[in-house]
Amino acid sequence: MFFAKSVLAAGGLATLSQAHMLLRTPVPYTSPALIQDPLDPTGANFPCQARPGTQFAGTPTPMEKGSTQIMAFTGSAVHGGGSCQVSITYDNPPTAASTWKVLHSIQGGCPARNQAGNILPDNAALEGVDNYEYPIPADIPTGNATIAWTWVNKIGNREFYMNCAPVIIEGAEGSEEALAALPNMFTANIGGDCTTVGKDGKNILFPNPGNSVENNGPESDFEPPTGNCGGAAAPAARSRRAAKFSA
Ligand SMILES: [Cu+2]
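Let us look at the structure shown here. Positions within a chain are numbered from 1, following the residues in the order the chain's sequence is written. For this predicted model, a pLDDT threshold of at least 70 governs which residues receive local features, and a threshold of 80 or more governs which side-chain atom pairs are given and counted, while totals over whole chains, interfaces and linings are taken from all residues. Hydrogen atoms and water are omitted, and side-chain values are computed over all heavy atoms in the structure.

Concerning the overall build of the protein chain
By definition, any uninterrupted DSSP run of H or I lasting at least four residues is a helix, any uninterrupted run of E lasting at least two residues is a strand, and each is numbered from the N terminus. Counting its regular elements, the protein chain contains two helices and 13 strands. Residue exposure (1.4 Å probe, protein chains only): buried if accessible area is under 20% of the type maximum, exposed if over 50%, otherwise partly exposed. Split into buried and exposed, the 247 residues of the protein chain put 50% on the buried side. Taking as baseline every contact in the protein chain between residues at least 6 positions apart, the subset at least 24 positions apart corresponds to 76%. On the protein chain, roughly 10800 Å² of surface is accessible, and the fraction owed to carbon and sulfur atoms is 55%. Contact definition: two residues touch when any of their heavy atoms are within 4.5 Å. Only the protein chains shown count as cover for residues, and all accessible areas are computed by the Shrake-Rupley method using a 1.4 Å probe.

Concerning the sheet that holds strand 5 (residues 101-107)
The six strands are arranged 2-8-7-4-5-11 in an open sheet whose pairing can be described as mixed. A strand with exactly one partner marks an edge of an open sheet, and here the two such strands are strand 2 (61-64) and strand 11 (213-215). Strand after strand, the sheet turns through a mean of 25° between neighbouring axes, direction not considered. Bridge count between strand 4 (residues 82-89) and strand 5: five bridges; the pairing is antiparallel. When the bridges of strand 5 are listed, Ile88 appears paired with Lys101. Pairs of strands are assigned from DSSP output, requiring at least two bridges between the strands. Lines are fitted to the C-alpha atoms to define the axes, a helix being fitted only along its stretch in contact, and any angle between axes, read from their N-to-C directions, falls within 0 to 180 degrees.

Things to note about the state of the cysteines
Count a disulfide wherever a pair of cysteine sulfur atoms falls within 2.5 Å. Using the criterion set out here, one finds three disulfides in the structure. Paired by a disulfide, Cys48 and Cys164 hold their sulfur atoms 2.0 Å apart. When the S-S torsion is -80°, as for the bridge of Cys48 with Cys164, the disulfide is left-handed. Here the residue Cys48 occupies a position in the loop between strand 1 (22-25) and strand 2, and Cys164 occupies one in strand 8 (residues 161-170), the gap between them amounting to 116 residues. Take Cys48 and Cys164: they sit in the same class, and that class is buried. With its sulfur 2.0 Å from that of its partner, Cys194 forms a disulfide with Cys229. When the S-S torsion is 95°, as for the bridge of Cys194 with Cys229, the disulfide is right-handed.

Comments concerning the coordination of the copper ion
With distances of 1.7 to 2.1 Å, the protein atoms coordinating the copper ion are His20 (ND1), His79 (NE2) and Tyr161 (OH). The donor set covers N, O and S atoms within 2.8 Å of the metal, switching to 3.2 Å for Na, K and Ca, and it leaves out water, so a site may look short of donors. Between consecutive donor residues of the copper ion, the sequence gaps follow H-x58-H-x81-Y. One end of the pair, His79, is in the loop between strand 3 (68-74) and strand 4; the other, Tyr161, is in strand 8, and 82 residues separate them in sequence. Taking the relative accessible area as the measure of exposure, His79 reaches 2% and is therefore buried. Given a relative accessible area of 1%, Tyr161 falls into the buried group.

Quick look at unusual backbone geometry
Cis geometry marks the peptide bond from Ser31 to Pro32; its omega dihedral reads 0°. Locating Pro32 in the fold gives a position in the loop between strand 1 and strand 2. Here the phi dihedral of Cys48 falls at roughly 65°; this positive angle occurs in a residue that is not glycine. For Cys48, a relative accessible area of 4% gives the class buried. Even without a glycine there, the phi angle at Asn189 is positive, about 65°. Inspection of the secondary structure assignment puts Asn189 in the loop between helix 2 (176-180) and strand 9 (194-195). Exposure remark for Asn189: the relative accessible area of 11% places this residue in the buried category.

See below:
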């Protein structure tokens with residue numbers, strides 16, 4: 001009963017202007033403007049909510065290789081959480097053809113760990129209740145890059161969110177091989193063969209989450225996406241870090 005209520009709240013409010021989640025840390029680009037909406041379902045503003053020809057502008061955040069960084073959000077429409085990735089591209093600016101490599105995957109509980117639906121009352125300025133840690137690998141290349149937060153929501157319309165932030169990766173010279181060895185970023189619900197249709201109420205398991213993974217929630221809540229989503233099938237939430245899930 002509670003579940004049905006959350007679905008109704010998420011679906012019903014989605015048509016009104018709702019405080020969808022925005023990336024707060026690292027500091028996102030100022031252009032393209034942050035939009036409190038999922039990406040266009042056709043993929044027309046992939047990546048980073050940028051239309052073709054959009055100029056990218058913003059002050060990059062320095063990040064030392066080997067460091068642990070924080071990801072944080074603004075907004076209240078967490079849609080029961082879901083699954084997020086932190087990815088990187090060194091294309092300046094990023095384009096629809098850019099390759100994004102995964103630094104960290106959070107399966108379940110992102111961008112909020114213990115929310116059954118949305119956080120009420122709706123509040124676009126709400127500082128996200130949960131932060132997430134992710135590593136900057138010691139062996140990836142240095143230089144100007146873009147970090148993306150992507151999100152497939154657990155509850156509500158079948159959507160795909162993406163915000164981006166300019167960064168400078170600092171430290172000793174790394175290798176393209178180390179970068180290439182990371183998984184490709186997962187995408188769904190933006191016009192390709194991969195969707196989360198039929199998975200309302202489930203946390204999506206990424207086909208290839210990589211080696212840095214946080215899992216949150218009961219195993220019965222996890223499901224793979226639908227369609228041709230790339231990568232090998234993921235083993236069921238075996239690497240769950242129970243400490244990250246405080247019930
Ligand atoms: Cu939303």
